[in-house]
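Coordinate inspection notes
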Amino acid sequence: SDYSHLGFNLRSNIFQGGPLETRSLMKDSYTPDIIQKGTRDPKNWYGRKTDELGKWHQKNALNLNLQKALEDKYG
């Protein structure tokens, strides 16, 4: 029943989708030179790339791999 209702709605084009042209408040509010200055170049980005949680996950993965290797070797 629900499936046939959905099929009928899709065939009758009730769900017409979103607008074809997207609008951005930032692009409407600022001039293009400000937007150009605000975009970061990933090749020249020298800021913080890995936060503390990311470092913890890396160390945790290494620790788990080490524990697994030790269990495999020594039982």
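Read on for an overview of the structure.

Cut-offs and rules
- Residues numbered from 1 in each chain as written.
- Predicted model: local features only at pLDDT ≥ 70, side-chain atom pairs only at ≥ 80, totals over all residues.
- Heavy atoms only, no water.
- Helix = DSSP H or I, 4+ residues; strand = E, 2+ residues; numbered from the N terminus.
- Buried < 20%, exposed > 50% of the residue type's maximum accessible area, 1.4 Å probe, protein only.
- Areas by Shrake-Rupley, 256 points an atom, 1.4 Å probe, with all protein chains shown as cover.

1. Looking at the overall build of the protein
Per the secondary structure count, the protein includes four helices and zero strands. Counting from the amino terminus, the protein carries its helices and strands in the arrangement α-α-α-α. Taking all 75 residues of the protein together, 3% fall into the buried category. Split by element, the accessible area of the protein, about 7900 Å² in all, is 56% carbon and sulfur.

2. So, helix H1 (residues 2-11)
Taking burial as the measure, the 10 residues of H1 include one buried ones, a minor fraction of the element. At the C-terminal side of H1, Asn13 shows a positive phi close to 60 degrees.

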